[in-house]
Amino acid sequence: MIPSRDRRAGDDFDWPAGRPFIIGVAGGSGSGKTTISTSIIEHIGAERVALISHDAYYRHRSHLSYEERNRVNYDHPDSLETELMLVHLDAIAAGHSIELPVYDFSRHLRRPDTVTVHSRPVIMIEGILILADPRLREVMDLRVYVDTDPDLRVLRRLERDMRERGRSFESVVAQYHATVRPMHLQFVEPSKRHADVLIPEGYNRDAVGALVSMIRDVLARLGRS
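Procedures and definitions
- Residues numbered from 1 in each chain as written.
- Predicted model: local features only at pLDDT ≥ 70, side-chain atom pairs only at ≥ 80, totals over all residues.
- Heavy atoms only, no water.
- Helix = DSSP H or I, 4+ residues; strand = E, 2+ residues; numbered from the N terminus.
- Buried < 20%, exposed > 50% of the residue type's maximum accessible area, 1.4 Å probe, protein only.
- Contact = heavy atoms within 4.5 Å.
- Lys, Arg positive; Asp, Glu negative; His and termini not counted.
- Charge placed at Lys NZ, Arg CZ, Asp CG, Glu CD.
- Salt bridge = Lys/Arg side-chain N within 4 Å of Asp/Glu carboxyl O.
- Phe/Tyr/Trp six-rings, centres within 6.5 Å; stacked < 30°, edge-to-face > 60°.
- 1 Å grid on protein atoms, 1.4 Å probe; cavity = no way out; pocket = protein on both sides within 12 Å on 5 of 7 lines; lining within 4 Å.
- Points joined across faces, edges and corners; volume = space filled by probe spheres on them.
- Nonpolar A, V, L, I, M, F, W, Y, C, P; charged D, E, K, R; others polar.
- Polar contact = N/O pair within 3.5 Å; in protein donor to acceptor, adjacent residues only side chain to side chain.
- Patch = residues over 30% accessible without salt bridge, like charges linked within 9 Å, V, L, I, M, F, W, Y side chains within 5 Å.
- Areas by Shrake-Rupley, 256 points an atom, 1.4 Å probe, with all protein chains shown as cover.
- Axes fitted to C-alpha atoms, helices over the stretch in contact; angles between N-to-C directions.
- Parallel < 35°, antiparallel > 145°, perpendicular 65-115°, else oblique.
- Left-handed = near helix turned anticlockwise from the far one by under 90°.

J.: Lay out the overall build of the chain with the relevant residues and their values.
T.: Broken down by element type, the chain carries seven helices and eight strands. Overall, the C-alpha framework of the chain stretches about 50 × 35 × 30 Å when taken along its three principal axes. Residues classed as buried in the chain amount to 50% of the 225 residues present. When contacts within the chain are restricted to residue pairs at least 6 apart in sequence, long-range pairs at least 24 apart make up 77% of them. The averaged location of the 33 negative side-chain charges in the chain is 1 Å from the averaged location of its 31 positive side-chain charges.

J.: Residues and numbers for the side chain of Arg143, please.
T.: Within the secondary structure, Arg143 is located in strand S7 (residues 142-147). Salt bridges are absent for the buried Arg143, whose nearest opposite-charge side chain, Asp196, sits at 4.7 Å. Those residues in contact with Arg143 that sit more than four places away from it in its chain are Gly24, Leu131, Arg137, His194, Ala195, Asp196 and Val197.

J.: Can you lay out the packing of aromatic side chains for me, pointing to particular residues and giving the numbers?
T.: Evaluated as defined, the whole model comprises four aromatic pairs. Ring geometry for Tyr58 versus Tyr74: centroids 5.8 Å apart, planes at 80 degrees, classification edge-to-face. Here Tyr58 is found in the loop between strand S3 (49-53) and helix H2 (66-70), whereas its partner Tyr74 is found in the loop between H2 and helix H3 (82-93), with 16 residues between them in sequence. The residues Tyr58 and Tyr74 share a single accessibility class, namely buried. Taken together, a centroid distance of 5.3 Å and an interplanar angle of 45 degrees make the contact between Tyr58 and Tyr103 tilted.

J.: Which residues make up the pattern of salt bridges, and what values go with them?
T.: Considering all chains together, one arrives at 11 salt bridges under this definition. In this structure, the salt-bridge partner of Arg110 is Glu81, at a minimum N-O distance of 2.6 Å. With Arg110 in strand S5 (residues 109-117) and Glu81 in the loop between H2 and H3, this residue pair connects regions lying 29 residues apart in the sequence. Asp147 is the partner of Lys192 in a salt bridge, and the nearest nitrogen-oxygen pair spans 3.2 Å. With Lys192 in the loop between helix H6 (169-191) and strand S8 (197-200) and Asp147 in strand S7, the pair connects residues that are 45 residues apart, well separated along the chain.

J.: Residues and numbers for empty space enclosed by the protein, please.
T.: Summed over the entire model, instances satisfying the criterion amount to one cavity of 30 Å³ or more. Of the volumes computed, that of the largest cavity is approximately 60 Å³. Together, Gly28, Ser29, Asp75, Ile128, Arg153, Val180, Met183, His184 and Val188 line the largest cavity. Top contributing element to the lining of the largest cavity by residue count: H6, with four residues. Split into classes, the residues belonging to the lining of the largest cavity amount to four nonpolar, three polar and two charged.

J.: An account of the side chain of His108 is requested, with residue identities and associated values reported.
T.: Here His108 is to be found in the loop between strand S4 (98-104) and S5. Side-chain polar atoms of His108 contact the side chain of Asn70, separated by 3.0 Å. When neighbours within four sequence positions are excluded, His108 is seen to be in contact with Tyr66, Arg69, Asn70, Tyr74 and Tyr103.

J.: Go over unusual backbone geometry, please, and point to the residues and values.
T.: Although it is not a glycine, His108 sits at a positive phi angle of roughly 60 degrees. Since its relative accessible area comes to 11%, His108 is described here as buried.

J.: I'd like a description of a nonpolar patch on the surface, backed by residues and values.
T.: Nonpolar side chains collect at one region of the surface, where Met162, Phe169 and Val173 lie side by side and expose about 240 Å² of accessible area between them. Along the chain, Met162 turns up in helix H5 (residues 150-164).

J.: Lay out the packing of helix H1 (residues 33-44) against helix H7 (residues 204-222) in plain terms, naming residues and giving numbers.
T.: As a packed pair, H1 and H7 sit with axes 10 Å apart at the nearest point and diverge in direction by 50 degrees. The angle between the axes of H1 and H7 places the two elements in the oblique class. As H1 packs across H7, the resulting crossing turns out to be right-handed. Where H1 abuts H7, its residues Ile36, Ser39, Ile40, His43 and Ile44 lie against Asn204, Val208, Leu211, Val212, Ile215, Arg216 and Leu219. Among the residues making up the contact of H1 with H7, the classes are represented as eight nonpolar, three polar and one charged.

Set out below in structure tokens:
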């Protein structure tokens, strides 16, 4: 786990008493963000950590046909309703529950049902673009970037989209060349300069252990361990 040039990992963080400690986990598509976030939750406990994915906030474009929705650039920041996510983060930071949208990636639409997320002492938010948005960066107490080699990321994305989202090989490859790679270079890769902590993909176990220790220290200082 490598401290960034902006802040050293382990420094004291300043946040209001009683407010959840908010951690952002960013990185390119297929970098391992969700795996790392899930592992941290398993170590700390789901009763103390809530996870909110930026992917849940893809815009509901029911006014477009399926063919038109297929042509949307889903790797651009404008494809996400970050305004709603910010409202939800304000609410959950104040101790309220939120109704998290559920996105159907096979149809590119939000489903009618939602998932209730309760406020917890630690709130983790993850997504490829969360460090590219200054409004989201402002609410984070700790910013993490998972720095994974492009070849590994594209293979992981290919496997995920074909297995979990019903995509064809050809469509995944076409999207990668058309939007995923260009948007990564324009928005995602530059955003890592805002990270407090850079995680080399090859050292996930050590990185998770260090982050878990840091979070436990925060909880102890909050009296919520």
